[in-house]
Structure formats: structure tokens, C-alpha cells
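Report on the structure
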Amino acid sequence: MEGLYVVLALVALVVITIAKGVRIVPQGSKHIVQRLGKYHRTLTPGMNVVIPYVDQVPYKVTTKDIVLDIPSQEVITQDNATIIANAVAYINIVSPEKAVYGVEDYEIAIQNLVQTALRSIIGEMSLDSALSSRDMIKAKLKEGISDDIADWGINLKTVEIQDINPSQTMQTAMEEQAAAERQRRATVTRAEGEKQAAILEADGRLEASKRDAKAQVVLADASREAIERVSSAIGEQEMPVMYLLGERYISALSELSQSDNAKNVILPADLPQAVKGLLNR
């Protein structure tokens, strides 16, 4: 029985040894092999054979594209405005051995690298330029970090700016500024309208005054012509002339009595005599 146990133990040991010597690597992954604690080789997808108990596989690295979310951060622009910016980076590991031995944690390293480069790029731009130049920031960001992560065997496929917005304080200040600008434009427009209305009103009064003056001249000329014609027609007779002048005299007194400045109006007792006075007779 003891011999049987020994045989079974040896068989189990052989099975375990064979199992440890065969490594199946799935598609989209690569495994790092260390021999006695030192990098030996990289296993590719498929079946691979290693030396049991001597070779170890401490790292399993994906060769698929990795999406790294870059956390939001506050960035100060060149004109001292605060904006909130975040990004997303798409990377691919082309040399797994460099990625695991070249840096402690490549994901955290790349996140910090992108954040630092983003602060540096936006810090050299004004607020308006930063908010409207995503493509330029993206190009500079990719150019600035591609060489650095290449030393870790990682390829930066692309980096995208997800959000770049003013901080809440800046948004409030910009809204107040926009409201003040709209109010100023409304005030200017209203003042301009009042100015134009005043000009038009003054022009209207001037035109009315001119027309009134012309009307007075026309009426005066008509009265003079009427008097001349009546005088020519009646010769030395005074009654028609006195009638016309009396009519004008009464009309003038009537207008005077309706004036706002008139308090008392005294009518002559002898109207014909008053008219004769106008004729110096």
C-alpha cells in the first residue's frame, strides 16, 4: 500500500509539473515570464511551454486598446481665469516588458502626465482661446506626452478633451457681465431712439412754424390785397374800409381774450371811432 501511495504521489507530481510547464495565453494578452526573478521572455497568444518551478508569470498584460479617464481639474489660464478641464486618453501597450518594468503603475503615471501637460498648455492661453481651441489643445497634448510614454513601451493613439468649462465662479461672473452688456446695449438703443424721436419732433415743430409763418404771410397779403381792391373800388367812401378793419380788429380782440396771458380785455365803447383812429381820421 505504501508503494501505491508513492506511485500516486509521483503521478500527481508529474501532472502538476506538466500543468505548470504549459501556459495558454488568450488572444489580446501577453504574459511576462521571469526566470529566477529576472525577465526572461514574453509569451504570445496560444500555447507556450515554460520550465516549471523555475519560470514564473507574474504579469499578464492586455494588448487591447485601453481607455484612461483623466480626472477633472482646475486650470488657471493666462488671464487668471479658472476653468475645469478633463480628458480621455486611448493607449496601446506595444512592449509589455517596458510597461511593467519601466514604471511602477503606467495608468496612474499617464493620468498625471496628461494632467500636468494640460495645465501647462492651457496656462499659456487666454480664457476665450482655451474655450474655443479644443483641437489645438488636443494636438499639443498628444505631441507633448507621446515621446514620454513611448519609453514605457506604450503608444498614445489619441487623446480627447471631454469637458473644458469655466468654473462656477467664472460662469456667474460671465453671466453677470453678459447681463450688464445687454443692459448697456438696451440703454444705448433706448437713448438713441429717444434722441431720434426728439430730433423728429423738433423738425416737426420747425416745419410747422415755417408753414404757420408762410400762412400768416399769405393771409396778410390776402388782407392787404382785399383792402386795396375795396379801397380802389369805393374811392373816398370810408364805410367798406371801416367794415373790413373793424372785422380784423374784433378778430384780434377775440384772440387776445382767449390767450392764457390775458386777464382783462377792455372793448372800446365806440367801435367805429376806434377804427377811424386806426385810419388816423
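Refer to the preceding data block for the structure.
Below, the structure is looked at part by part. (Residues numbered from 1 in each chain as written. Predicted model: local features only at pLDDT ≥ 70, side-chain atom pairs only at ≥ 80, totals over all residues. Heavy atoms only, no water.)

Some thoughts on the sheet that holds strand 2 (residues 29-35)
- Taken in spatial order, the three strands line up as 3-2-5 in an open sheet, and their pairing is antiparallel. The sheet is open, and its two borders are formed by strand 3 (38-43) and strand 5 (55-62), each paired with just one other strand. Going from strand to strand, the sheet's axes swing by 30 degrees on average, the running direction of each strand aside.
- Here five bridges tie strand 2 to strand 3, and the two strands are oriented antiparallel to one another. Residue pairing for strand 3: Val33 is matched across the bridge by Arg41. (Pairing = 2+ DSSP bridges. Helix = DSSP H or I, 4+ residues; strand = E, 2+ residues; numbered from the N terminus. Axes fitted to C-alpha atoms, helices over the stretch in contact; angles between N-to-C directions.)

As for the packing of aromatic side chains
- In the structure shown here, the tally under the stated rule is two aromatic pairs.
- Between Tyr39 and Tyr101 the ring centres are 5.8 Å apart and the planes differ by 70 degrees, which places this aromatic pair in the edge-to-face class. On the criterion of sequence distance, the pair formed by Tyr39 in strand 3 and Tyr101 in helix 2 (residues 96-102) is long-range, its members being 62 residues apart.
- A relative accessible area of 34% means that Tyr39 is categorised as partly exposed.
- What makes Tyr101 partly exposed here is its relative accessible area of 38%.
- The interplanar angle of 85 degrees and the centroid separation of 5.8 Å between the aromatic rings of Tyr59 and Tyr101 together place this pair among those described as edge-to-face. In this pair, Tyr59 sits in strand 5 while Tyr101 sits in helix 2, placing the two residues 42 residues apart along the sequence.
- The class of Tyr59 is partly exposed, set by a relative accessible area of 34%. (Phe/Tyr/Trp six-rings, centres within 6.5 Å; stacked < 30°, edge-to-face > 60°. Buried < 20%, exposed > 50% of the residue type's maximum accessible area, 1.4 Å probe, protein only.)

Let's talk about a negative patch on the surface
- Residues Glu143, Asp147, Asp148 and Asp151 make up a contiguous surface patch of negative charge.
- As for its placement among the helices and strands, Asp148 is situated in helix 5 (residues 134-150). (Patch = residues over 30% accessible without salt bridge, like charges linked within 9 Å, V, L, I, M, F, W, Y side chains within 5 Å. Areas by Shrake-Rupley, 256 points an atom, 1.4 Å probe, with all protein chains shown as cover. Salt bridge = Lys/Arg side-chain N within 4 Å of Asp/Glu carboxyl O. Lys, Arg positive; Asp, Glu negative; His and termini not counted. Charge placed at Lys NZ, Arg CZ, Asp CG, Glu CD.)

Details of helix 5
- Here helix 5 is 17 residues long and its end C-alpha atoms lie 24 Å apart, about the 24 Å a rise of 1.5 Å per residue gives.
- Packed against the buried residues of helix 5 are helix 3 (106-122), helix 4 (127-132) and strand 8 (154-166). (Expected span 1.5 Å × (residues − 1). Contact = heavy atoms within 4.5 Å.)

Quick look at helix 3
- For helix 3, which comprises 17 residues, the first-to-last C-alpha distance of 24 Å matches the rise-based estimate of 24 Å (1.5 Å per residue) to within 8%.
- Among the residues making up helix 3, those that are buried are Tyr106, Ala109, Ile110, Val114, Gln115, Ala117, Leu118, Ile121 and Ile122.
- For helix 3, the secondary structure elements touched by its buried residues are strand 6 (66-76), strand 7 (82-93), helix 2, helix 4, helix 5 and strand 8.
- N-capping of helix 3 is provided by Asp105, with a side-chain oxygen placed 3.2 Å from the backbone N of Glu107. (Polar contact = N/O pair within 3.5 Å; in protein donor to acceptor, adjacent residues only side chain to side chain.)

Considerations on the pattern of salt bridges
- Under the counting rule described, the total for this entry stands at five salt bridges.
- Where Glu160 meets Lys138, a salt bridge forms, and the shortest distance between an N and an O atom there is 2.9 Å. Separated by 22 residues along the polypeptide, Glu160 in strand 8 and Lys138 in helix 5 bring together distant segments of the chain.
- On the basis of relative accessible area, Glu160 is assigned to the partly exposed category, the value being 31%.
- For Glu207, the salt bridge is made with Arg211, and the minimal N-O distance between the two is 3.3 Å. Of this pair, Glu207 and Arg211 both sit in helix 6 (residues 168-234), four residues apart, roughly one helical turn.
- Using a relative accessible area of 56% as the deciding quantity, one classes Arg211 as exposed.

What to know about the nonpolar core
- With 37 residues, the main nonpolar core has Ile122 and Ile154 as its most contacted residues.
- Every element with two or more residues in this core is listed here: strand 6, strand 7, helix 2, helix 3, helix 4, helix 5 and strand 8.
- In terms of residue count, the dominant contributor to this core is helix 3 (eight residues).
- Aside from chain neighbours lying at most four places away, what touches Ile154 is Ile91, Asn92, Ile93, Val94, Ala99, Tyr106, Ile110 and Ile149.
- Val25, Val33, Leu43 and Val50 belong to the second-largest nonpolar core, a separate cluster that totals five residues. (Core = buried A, V, L, I, M, F, W, Y, C linked by side-chain atoms within 4.5 Å.)

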